[in-house]
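# Architecture at a glance
Chain by chain, the residues run as shown.
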Amino acid sequence: MTDPPESPTADLVPEEAGVERHSIRRNIAQMTGSQAVTWVLATVTAVIVPQFLGTELFGRLQLALSLWAIAAVFTALGTSLHLQLSIARHQREGLALIGDVFRVRTYAFVLAAAAAAAYVFAFENDREFAIIMTGIGAASLLVLWSEVYQSVFTGLERLSVLAFVDAAGKALTLVLTLLVLTIGWGVYGVVGVAAGMAGLGLIVFVTQYRRVRPSGAIPRTGRLVPLLKSSAPYMAVTLALTVYRQIDVIVISRVAGDRDVGWYGAADLLAGSLLFPTTVIMATVLPTFGRLHSEDPSRLRDLVRRTFSLLLLVAVPIGLGAAVVGPEFAPFLFGDEFDGTGTALQIFGPVTILSFGTTLLANVALAVGRARFLALMLAASAVITVVLDVFLVPWTADRYDNGAIGGAIAYVITETGQFVFALAVITPYLVTRRWAWTSVRVLAAGGVMVAATMPFRNEFFVVPALIGALVYPTALLLFRCIDAEQRSMVANLLGRGGHDEPT
C-alpha cells in the first residue's frame, strides 16, 4: 500500500536529533484556532480605537506606526528569516546564533531611535506626536527582542507557543485598550498598552524557550559580520516589503492630509486582517519549504501546488465578499466619519485574492534562495507606488474628496504586477492548463457569489455574508472545483481522514 501524495497538511518530521518538531497538521490546527481568535479580537480593537480617537488623531497614530515599521527593518537587519531558516535546516547551529542576533538588533535600535528623533524634530515637531513616537518606539524595542524567540519557535516548527501568546495577548490588549479609552487616556493609553503587552510577550517567550531548549551547552558564535552578511538578503526583502506597504501612508499624509490617512489606514488594516488564512499556512510551511528545497525539490513543487490551490479556494470569497460589503461594513464598524474607508475597502477587496498568491510566491522565493530577486521586485514596486501615489492621491482627493482611493488603486496596480512577475520567474511550474482551468472555475464560483449577494449589498452586512456563505460552496460543487486531492487536503486540515502520522 502506497502513501498518499503530500499535502500542505501532511506531517513532515525531520530525522535530525534535537527539539522535536511538530507536524504541519498540528501546527496549522493550532495556528488556525489562534488566528481565528486573534482576527476577531484585532478587528474589534481596530474598530474601537478609531471611534475614540477620530480620523485625525488616528491618522497621527498610523503615521507613527508606519515610521517605526520602516525603522524596524533596519533594526531587525534580516536576522529573523535567517535565524528561522537556519534553525529549520540545522537546529543546534541555528540556535547558536541567538545571542549574536540579540546584540546586533540592540545596537541597530540605538541608531534607529536617533534617526526617529531627528525626523520628529525636523518634520513633526510637536509634543503630542513626540510622545506617541516615544511610546511606539519603546514597544518596538520589546517586539524586536520578542521576534528573536518567534523566529526560534518557528524554525523549530513548534508554533503552539506563538499561537498561545498571540491569542492571549490580543485578548488582554483588547481589554486594556477598552479600559484606557473608557477612562479617557486616549492615544497615550493606547500606546502605553502596546508597550506593556510587548514587554509581557517577551517574558512569556523567554520562559517558554527555557523549557524546550536542547539539553547541553549551545556555543555562541560571536561572529557578527558573517551573521550580517548572511542576513543581508533577507533584510533587503523586509526593507523593500515594508517600504512598499507603508509608503502609501506617508505619501498620503504629505499630499492629502490626516483625514485621508485615517481612511486609508483603516481600510488597509481591515484588508490586512483578511489575510489571516495565508498567515497561518505560510508560518507553518516556510521552514518546510526551506528544508525540502535541499532534500527533495519535487516534493517542494508538489507542496507549493497544493498550497496555492488551498489558498485560492479561501481567498476568492474573502476578497470578493469584502468588495460587496465594504461600503456598508466600514461605516458600521468605525462610524459615519469613516465613510471614505468603505470605498477604499471596496477596491482593496478583489486584490486581496492576488495578495494571497504573492504571499505564497514570496515565501517560496525565500525558501529557494531567491531573496535578492524578491527584494528587487519589491523595491521596484515601492518606487512605482510612490509615482502612482503622487498622481493618483491628489487626483482622487480632488475628484472624489478621498485621497485613500488613489492609494488603493496604486496598490491594485503594483500587486497585480508582482503576482504576474513572480509567478513567471519563481514558480513557472504552476502555470499549466489544469491550473488555469481550475482557477477559472473557482473565480467563476466567486462571480456567482457576487451576483447573488449584490442585490443585498445595502442590507445589514450579515445578510449578504450569509448568502455568500451558502452560494459559494454550492457553486464550487456545481463547477467541480474541488477534486479528490483537495477534499483530502481539507480533511487533513480538519483532522479527519488521511493516514496515521507522527506528532
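The notes below deal with the structure included here. Remember, predicted model here, so these are calculated numbers, not experimental data.

## Concerning the packing of helix H8 (residues 224–255) against helix H9 (residues 258–273)
At a minimum axis distance of 9 Å, the contact between H8 and H9 shows a crossing angle of 160°. Relative to H9, the element H8 is oriented roughly antiparallel. Viewed along their axes, H8 and H9 form a crossing whose handedness is right-handed. Contacts between H8 and H9 involve Arg245, Asp248, Val249, Ile252 and Ser253 from the first element and Asp260, Val261, Tyr264 and Asp268 from the second. Considering only residue class, the contact of H8 with H9 consists of four nonpolar, one polar and four charged.

## Structural notes on the side chain of Thr427
Its place among the elements puts Thr427 in the loop between helix H14 (403–425) and helix H15 (433–453). For Thr427, a relative accessible area of 0% gives the class buried. Apart from residues no more than four positions distant in its own chain, Thr427 is found in contact with Val304, Leu361, Val364 and Ala422.

## A short note on helix H6 (residues 160–182)
With 23 residues, H6 should cover 33 Å at 1.5 Å per step; its first-to-last C-alpha distance of 33 Å lies within 8% of that length. Those residues of H6 that fall on the buried side of the exposure criterion are Val161, Leu162, Ala163, Val165, Ala167, Gly169, Thr173, Leu174, Thr177, Val180 and Leu181. Looking one or two residues beyond H6, the residue adopting positive phi is Gly184, at roughly 90°.

## Observations regarding the nonpolar core
Core analysis: the biggest nonpolar cluster contains 111 residues, and Leu61, Phe289 and Phe348 have the highest contact counts within it. In terms of residue count, helix H11 (residues 297–334) provides more of this core than any other element does, 17 residues in total. The contacts of Phe289, once residues within four sequence positions are left out, are Leu300, Leu303, Val304, Thr307, Leu360, Asn363, Val364 and Ala367. Counting residues in each nonpolar core, the second largest holds 28 residues, with Leu95, Leu97, Val165 and Leu224 among its members.

## Some thoughts on a nonpolar patch on the surface
There is a patch of nonpolar side chains on the surface, built from Phe332, Phe456, Phe460, Val462, Val463 and Leu466 and spanning about 530 Å² of accessible area. Sorting elements by how many residues they give to the nonpolar patch places helix H16 (residues 462–478) first, with three residues. Note on placement: Val462 falls in helix H16.

## Side note on the side chain of Thr154
As for its position among the elements, Thr154 is in helix H5 (residues 127–155). When its relative accessible area of 9% is taken as the criterion, Thr154 is described as buried. If we ignore the near neighbours within four places in the chain, the residues touching Thr154 are Gln84, Leu159, Leu162, Ala283 and Pro287.

## Remarks on empty space enclosed by the protein
For the structure on display, the rule yields one cavity of 30 Å³ or more. What lines the largest cavity is simply Arg245, Asp268, Ala271, Gly272, Leu275, Phe348, Val351, Thr352, Ser355 and Tyr411. For the lining of the largest cavity, the secondary-structure elements that each account for two or more residues are H9 and helix H12 (339–367). Partitioned by chemical class, the residues of the lining of the largest cavity number five nonpolar, three polar and two charged.

## Comments concerning H8
At Ala232, H8 shows its largest bend, some 45°, and a proline, Pro233, comes one to four positions later. Gly257 lies just past H8 and shows a positive phi near 135°.

## Section: the environment of Ala408
Inspection of the secondary structure puts Ala408 in helix H14. For Ala408 and Asp268, which are 140 residues apart along the polypeptide, the C-alpha to C-alpha distance reads 8.5 Å. When near neighbours in sequence (up to four residues on either side) are disregarded, Ala408 contacts Tyr264, Ala344, Ile347 and Phe348.

Rules and cut-offs
- Residues numbered from 1 in each chain as written.
- Predicted model: local features only at pLDDT ≥ 70, side-chain atom pairs only at ≥ 80, totals over all residues.
- Heavy atoms only, no water.
- Axes fitted to C-alpha atoms, helices over the stretch in contact; angles between N-to-C directions.
- Helix = DSSP H or I, 4+ residues; strand = E, 2+ residues; numbered from the N terminus.
- Parallel < 35°, antiparallel > 145°, perpendicular 65-115°, else oblique.
- Left-handed = near helix turned anticlockwise from the far one by under 90°.
- Contact = heavy atoms within 4.5 Å.
- Nonpolar A, V, L, I, M, F, W, Y, C, P; charged D, E, K, R; others polar.
- Buried < 20%, exposed > 50% of the residue type's maximum accessible area, 1.4 Å probe, protein only.
- Expected span 1.5 Å × (residues − 1).
- Core = buried A, V, L, I, M, F, W, Y, C linked by side-chain atoms within 4.5 Å.
- Patch = residues over 30% accessible without salt bridge, like charges linked within 9 Å, V, L, I, M, F, W, Y side chains within 5 Å.
- Areas by Shrake-Rupley, 256 points an atom, 1.4 Å probe, with all protein chains shown as cover.
- Salt bridge = Lys/Arg side-chain N within 4 Å of Asp/Glu carboxyl O.
- 1 Å grid on protein atoms, 1.4 Å probe; cavity = no way out; pocket = protein on both sides within 12 Å on 5 of 7 lines; lining within 4 Å.
- Points joined across faces, edges and corners; volume = space filled by probe spheres on them.
- Bend = angle between axes of the 7 residues up to and from the residue.

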